[in-house]
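# Close look at the chain arrangement
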Amino acid sequence: MKNEQMKKTMNGALILTISALIAKFLSAVYRIPFQNIVGNTGFYVYQQIYPIYGIGMTFALNGFPVFISKLVAQEDDEEKRMQVVSTAFLILLSLAVLLFFGLQVGAKQIARSMGDSQLAPLISSVSWMFLLMPFLAIARGYYQGTFNMIPTAVSQVSEQFVRVALIIGVALLSLQMKWSVYQTGSFAMLGSVAGGAIGVLTFTSFWKYFFQKHDFTAGRINYRAVARLIFKDGLIICLFSSLMVLLQLVDSFTVMNSLRDFGLQDSLAKYTKGIYDRGQPLVQLGMTIAISFSSTLLPSLTTALASKKVQEYQRIAKTMLHVGVALSVAAAAGMMILMPQINTLLFGDSKLSFTLEIYVLSVPLISVISIYNSILQSEDNFWGTFVAVIAALFIKVILNSWFVRHYGISGASLCTLLSLGAALLVLVLILPQSVRQQSRSLAQFAMRLAGCTLLMIAGIWLLSFTCSMFFETTRLSLLVIVPADVLLGVFLFVAGAMKSHLFTKEEWATLPGGSKIVAKLKVR
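Residues numbered from 1 in each chain as written. Predicted model: local features only at pLDDT ≥ 70, side-chain atom pairs only at ≥ 80, totals over all residues. Heavy atoms only, no water.

A separate point is the overall build of the protein chain. On a plain count of helices and strands, the protein chain comes out with 24 helices and 0 strands. Looking at the 524 residues of the protein chain, the share that counts as buried comes to 56%. Surface exposure of the protein chain reaches about 22600 Å², of which carbon and sulfur atoms provide 67%. (Helix = DSSP H or I, 4+ residues; strand = E, 2+ residues; numbered from the N terminus. Buried < 20%, exposed > 50% of the residue type's maximum accessible area, 1.4 Å probe, protein only. Areas by Shrake-Rupley, 256 points an atom, 1.4 Å probe, with all protein chains shown as cover.)

Okay, helix α15 (residues 339-347) next. Counting buried residues along α15, 7 of its 9 residues qualify, which places the element largely inside the surrounding structure. Within α15, burial applies to Met339, Gln341, Ile342, Asn343, Thr344, Leu345 and Phe347.

Turning our eyes to something else, we now look at the nonpolar core. Judged by nonpolar contacts, the single largest core of 146 residues is most densely connected at Phe34, Ile49, Phe64, Ile138, Phe206 and Leu502. Looking at this core, the element that brings in the most residues is helix α2 (residues 31-73), giving 19 residues. The contacts of Phe64, once residues within four sequence positions are left out, are Phe59, Leu92, Leu95, Met133, Ala137, Ile230, Gly234, Leu235 and Cys238. (Core = buried A, V, L, I, M, F, W, Y, C linked by side-chain atoms within 4.5 Å. Contact = heavy atoms within 4.5 Å.)

Mapped onto the secondary structure, Gln35 falls in helix α2. For Gln35, a relative accessible area of 3% corresponds to the buried category. Contacts of Gln35, omitting those with residues within four sequence positions, involve Asn40, Phe43, Arg278, Leu346 and Phe347.

Let's shift gears to the pattern of salt bridges. Evaluated as defined, the whole model comprises 7 salt bridges. Across the salt bridge formed by Arg140 and Glu159, the nearest N and O atoms sit 2.8 Å from each other. Taken together, the residues Arg140 in helix α5 (residues 129-145) and Glu159 in helix α6 (residues 150-177) connect sequence positions 19 residues apart. We note that Arg140, like Glu159, is buried. We note a salt bridge from Asp349 to Arg278, for which the minimum N-O separation is 3.0 Å. Of the two residues, Asp349 sits in the loop between α15 and α16 (353-359) while Arg278 sits in the loop between α11 (266-276) and α12 (279-295), which places them 71 residues apart along the sequence. (Salt bridge = Lys/Arg side-chain N within 4 Å of Asp/Glu carboxyl O.)

What the rule picks out here adds up to 29 aromatic pairs. Relative to Trp207, the ring of Phe89 has its centre 5.1 Å away and its plane inclined at 50 degrees; by these criteria the two rings are tilted. Here Trp207 lies in helix α8 (residues 204-213) and Phe89 lies in helix α3 (residues 78-113), a separation of 118 residues in the sequence. Look at Trp207 and you get buried, because its relative accessible area is 7%. Aromatic rings pair up to connect Phe89, Phe135, Tyr142, Tyr143, Phe203, Phe206, Trp207, Phe210 and Phe211 into one cluster. (Phe/Tyr/Trp six-rings, centres within 6.5 Å; stacked < 30°, edge-to-face > 60°.)

Turning our attention to the packing of helix α10 (residues 243-262) against helix α18 (residues 383-407). Contact geometry of α10 with α18 gives a least axis separation of 8 Å together with a crossing angle of 20 degrees. One finds that α10 runs roughly parallel with respect to α18. α18 is crossed by α10, and the crossing has right-handed handedness. For the pair α10 and α18, the contacting residues are Leu243, Leu246, Leu247, Val250, Asp251, Thr254, Val255, Ser258, Leu259, Asp261 and Phe262 in the first and Val389, Ala392, Leu393, Lys396, Val397, Asn400, Ser401, Val404, Arg405, His406 and Tyr407 in the second. (Axes fitted to C-alpha atoms, helices over the stretch in contact; angles between N-to-C directions. Parallel < 35°, antiparallel > 145°, perpendicular 65-115°, else oblique. Left-handed = near helix turned anticlockwise from the far one by under 90°.)

With that settled, the discussion passes to the confidence of the model for the protein chain. Averaged over every residue, the pLDDT of the protein chain is 85; the share at 70 or more is 87%. The weakest mean pLDDT in the protein chain belongs to helix α20 (residues 433-440) at 61; the strongest belongs to α16 at 96. (pLDDT = per-residue confidence, 0-100.)

Moving on: the packing of α5 against helix α7 (residues 181-201). Where α5 contacts α7, the two axes come as close as 10 Å, and the packing angle between them is 20 degrees. Taken as axis vectors, α5 and α7 run roughly parallel relative to one another. As α5 packs across α7, the resulting crossing turns out to be left-handed. Seen from α5, the contacting residues are Met129, Leu132, Phe135 and Leu136; seen from α7, they are Val193, Gly196, Ala197, Gly199 and Val200. Residue composition of the contact of α5 with α7, grouped by class: 7 nonpolar, 2 polar and no charged. (Nonpolar A, V, L, I, M, F, W, Y, C, P; charged D, E, K, R; others polar.)

As structure tokens, then:
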């Protein structure tokens, strides 16, 4: 029976991981055509408000559902599960209504604080999404708590498909209707809200059962106890899940005003911020690639700890760290060496490529932070995560304006790296002793990784340089050159990893096609 339950849990975790990957990929990729349609200033308008949306959807997608699922999983009786769910729903609904009215009433003041009063309608538009948050969070949390991950997976993917389609549709319609960038941004935000509504509709059967069958007046558990758990452990999960979005929110409030202090005119400051925001989908893609494979090991990590298999626990933690670090470093290095070409191919020009190169260094930092957070969560250590998030936000809030005023828009990228570095330092200091000792013994692995990365960089640079001698740098030519560079980079990195024995047999097995590599080349 226990083995059957474990198998169900592992299969559910795999389904949820795959659906989350699809959702994150769509969330990152759609912003590329959107920027191409609305331009840098239009992209600035959308990205100024996006962090508010991102925080709300993180609450509904990753934060509260994970915590609610734990509360549901602790109850064996269905009636008690529904009592927990109904209590949590009313608490989250109260929070959602409070946030909705706060954004509606404070839209103009928030927009002025961001340095652009014309953003107020966008803030009003995105506020409607918070009313959907409790419906999404509760339904997802209930199904995940009963180990049925398919409804959550369907909800995630459906929501993102509809949202992306509507946002791109709005952008195309804006060209015909000649809307201003602010009108386009407002309708795009409403498109995001519509995507969330579709996500709620996928749970129609659950809510029909919830409202028709459950008696809200019968045997409800203590509100104060549930609220304390939600706003203690649950909110910590939410804050960490939205760490990058929170740092982007700080940019929304500080960058525009600081660029003016740096000496840029209003229109140029908006245009520059729009180019800087190109880095967000690139970082999100890099994070998705790096974190996805290591995150599949989290259930195994938790199981090993629960079974008190210390050596197995240490091995899985080491595997997560090695795979996550290697993939994130390779992704960041590849994007940095190819940034001018990637920038031109995806966004139409190579402006601020150096700033974006700095920004994508966030990928290895946030990837390692996420892995360490997974290790701490497996041990039910949430306060360490909270301290790390607060450290990152403190650095970003205090220093971001100073960095931008002194170094221009590149200062925002530098401050993001410094903030993530502070969070990583906190997590390293509070890691379990056994895991921290493994982190200290990474010297040999780091040397091998550096060799593989340098080999990859050299190969990509040589191919790019050769192509630049024979082909004009246009978006059409880059459509062939950049994928060729990427394929060569992947080949060289994998070849270097095999030659240098970067990964163990178990670590190779976590990668796509890794088992075939192990069998064919007899990797130790």
